[in-house]
Amino acid sequence: MKKILLLGALALSVLSPLTMAEDAKPLRIGIEAAYPPFAYKTADGQIAGFDYDIGNALCAEMKVECKWIEQEFDGLIPALKVRKFDAILSSMSITDERKKSVDFTGKYYSTPAKLAMKAGTEMKDPQTDLKGKKIGVQRSSIYDRYATEVFVPSGAEVVRYSSQNEVFLDLASGRLDATLADSVNIDDGFLKTDAGKGFAFVGPDFTDEKYFGEGQGIAVRKGDKALADKISAAILAIRANGKYKEVQDKYFQFDVYGK
């Protein structure tokens, strides 16, 4: 009997650290830190923003460590596939096209797309009024796809950039006529800045689900249902316990979660 107990204890001593190590394994999250107010760098080089704070709140709820890994937006899905990280939390819209490559959690926010142009520009029908105009978009984004498939056939020219911040720079300098992007990102990252003076939203909200999806979600590798379900449950939990609203109110004066 003593031998059996001793063998059992030895087995636990070997297995327990492995189990504990697995439980303590950090959640590696890919993010593009150039998309204020959702993700950006502070003056001392630290990542900050709504996406970052929500991710940390989700990790705390799941009792795991967040390990953030920066990546340009158009490289996020390829990097996820080769296991550079376990999830993407970077304002990525849940679309049918992306679902072919990755799986998603439930949404964690939803805001419409808008056009920004020189203040006073009349925009009755974007497909007609954008003819001959240069529209800046972030490469591989939903805005890129929409502008390419809807505005280009109407005579507009699409100019693609690695980050939305680069789009704003060229819009302010006059090298672009317009940008199509998330309305909150345009407002916070451009219109409210000195560079954005003299510019404004024009035209309607763009919400076509075919292009703009079901809101922004967290992407995981195809087939990783366990992780997607775990994160989805954590999203619901932080919305129920008030942590989501606490983070939201730090950045927005409205319900960014949407309907």
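Placed above this text is the structure.
Residues numbered from 1 in each chain as written. Predicted model: local features only at pLDDT ≥ 70, side-chain atom pairs only at ≥ 80, totals over all residues. Heavy atoms only, no water.

## Comments concerning the overall build of the protein chain
Each helix and strand counted, the protein chain has 11 helices and 12 strands in total. Dimensions of the protein chain, computed from C-alpha atoms along their principal axes, come out at roughly 85 × 35 × 35 Å. The buried share of the protein chain, reckoned over its 259 residues, is 47%. Look at the contacts in the protein chain between residues 6 or more apart in sequence, and 69% of them connect residues 24 or more apart. Here the protein chain displays about 13100 Å² of accessible surface, and carbon together with sulfur accounts for 54% of that area. Each charge sign in the protein chain was given a centre, from 36 positive and 37 negative side chains, and these centres are 4 Å apart. (Helix = DSSP H or I, 4+ residues; strand = E, 2+ residues; numbered from the N terminus. Buried < 20%, exposed > 50% of the residue type's maximum accessible area, 1.4 Å probe, protein only. Contact = heavy atoms within 4.5 Å. Areas by Shrake-Rupley, 256 points an atom, 1.4 Å probe, with all protein chains shown as cover. Lys, Arg positive; Asp, Glu negative; His and termini not counted. Charge placed at Lys NZ, Arg CZ, Asp CG, Glu CD.)

## Observations concerning helix α2 (residues 50-62)
For α2, which comprises 13 residues, the first-to-last C-alpha distance of 18 Å matches the rise-based estimate of 18 Å (1.5 Å per residue) to within 8%. Listed in full, the buried residues belonging to α2 are F50, D51, D53, I54, G55, A57, L58, C59 and M62. Contact partners of the buried residues in α2: β1 (27-31), β4 (66-70), β5 (87-93), β12 (216-221), α10 (225-240) and α11 (243-251). After α2 finishes, the residue K63 shows a positive phi value of roughly 60°. (Expected span 1.5 Å × (residues − 1).)

## Observations regarding the sheet that holds β4
Sheet architecture is open: five strands sit in the order β4-β1-β5-β12-β6, paired in mixed fashion. The open sheet terminates on both sides in strands that have one partner only, identified here as β4 and β6 (102-104). Strand after strand, the sheet turns through a mean of 35° between neighbouring axes, direction not considered. As judged from the four bridges shared by β5 and β12, these two strands associate in the antiparallel manner. Looking at the pairing, M92 lines up with G217 of β12. On the sheet, α2 packs against β1, β4, β5 and β12 and is oriented at approximately 150° with respect to β4. The sheet strands contacting α10 are β1, β5, β6 and β12, and the helix crosses β12 at an angle near 155°. (Pairing = 2+ DSSP bridges. Axes fitted to C-alpha atoms, helices over the stretch in contact; angles between N-to-C directions.)

## As for the state of the cysteines
Every disulfide links exactly two cysteines, by a covalent bond between their sulfur atoms. Scanning the entire structure with this criterion turns up one disulfide. What pairs with C59 in a disulfide is C66, and their sulfur atoms sit 2.0 Å apart. Given an S-S torsion of about 90°, the disulfide between C59 and C66 has right-handed geometry. When sorted by exposure, C59 lands in the same class as C66, which is buried. (Disulfide = S-S within 2.5 Å.)

## Considering the nonpolar core
Judged by nonpolar contacts, the single largest core of 57 residues is most densely connected at F50, L58, F151, L180 and I231. Among all residues touching L58, those that are not within four sequence positions of it are L89, I218, I231, A234, I235 and I238. Formed by 13 residues, the second largest nonpolar core is a distinct cluster that contains I69, F73, L80 and V102. (Core = buried A, V, L, I, M, F, W, Y, C linked by side-chain atoms within 4.5 Å.)

## Quick look at the packing of aromatic side chains
Each pair of aromatic rings is reported with the distance of its centres and the angle of its planes. Summed over the entire model, instances satisfying the criterion amount to 22 aromatic pairs. Summarising the aromatic geometry, the rings of F50 and Y109 are spaced 5.8 Å apart at their centres and angled 85° between planes, so their arrangement reads as edge-to-face. In this pair, F50 sits in helix α2 while Y109 sits in the loop between β6 and β7 (113-118), placing the two residues 59 residues apart along the sequence. Here F50 and Y109 have matching classes, each one buried. (Phe/Tyr/Trp six-rings, centres within 6.5 Å; stacked < 30°, edge-to-face > 60°.)

## Remarks on unusual backbone geometry
Glycine aside, a negative phi is what most residues show, and trans is what most peptide bonds show. The peptide bond linking P36 to P37 adopts the cis configuration, its omega dihedral lying at 5°. Mapped onto the elements, P37 comes out in the loop between β1 and β2 (40-41). Look at R83: it is not a glycine, yet its phi comes out positive at around 65°. Phi at S140 is positive, roughly 70°, even though this residue is not glycine. With respect to the helices and strands, S140 occurs in the loop between β8 (134-138) and α6 (142-151).

## Some details on the packing of α2 against α11
Running from amino to carboxyl end, α2 crosses α11 at an angle of 165°, the nearest separation of the two axes being 10 Å. Viewed along their axes, α2 and α11 adopt a mutual orientation that is roughly antiparallel. When the axes of α2 and α11 are compared, the crossing they make is right-handed. Contacts between α2 and α11 involve F50, D53, I54 and A57 on the former and, on the latter, K243, Y244, V247, Q248, K250 and Y251. Split into classes, the residues belonging to the contact of α2 with α11 amount to six nonpolar, one polar and three charged. (Parallel < 35°, antiparallel > 145°, perpendicular 65-115°, else oblique. Left-handed = near helix turned anticlockwise from the far one by under 90°. Nonpolar A, V, L, I, M, F, W, Y, C, P; charged D, E, K, R; others polar.)

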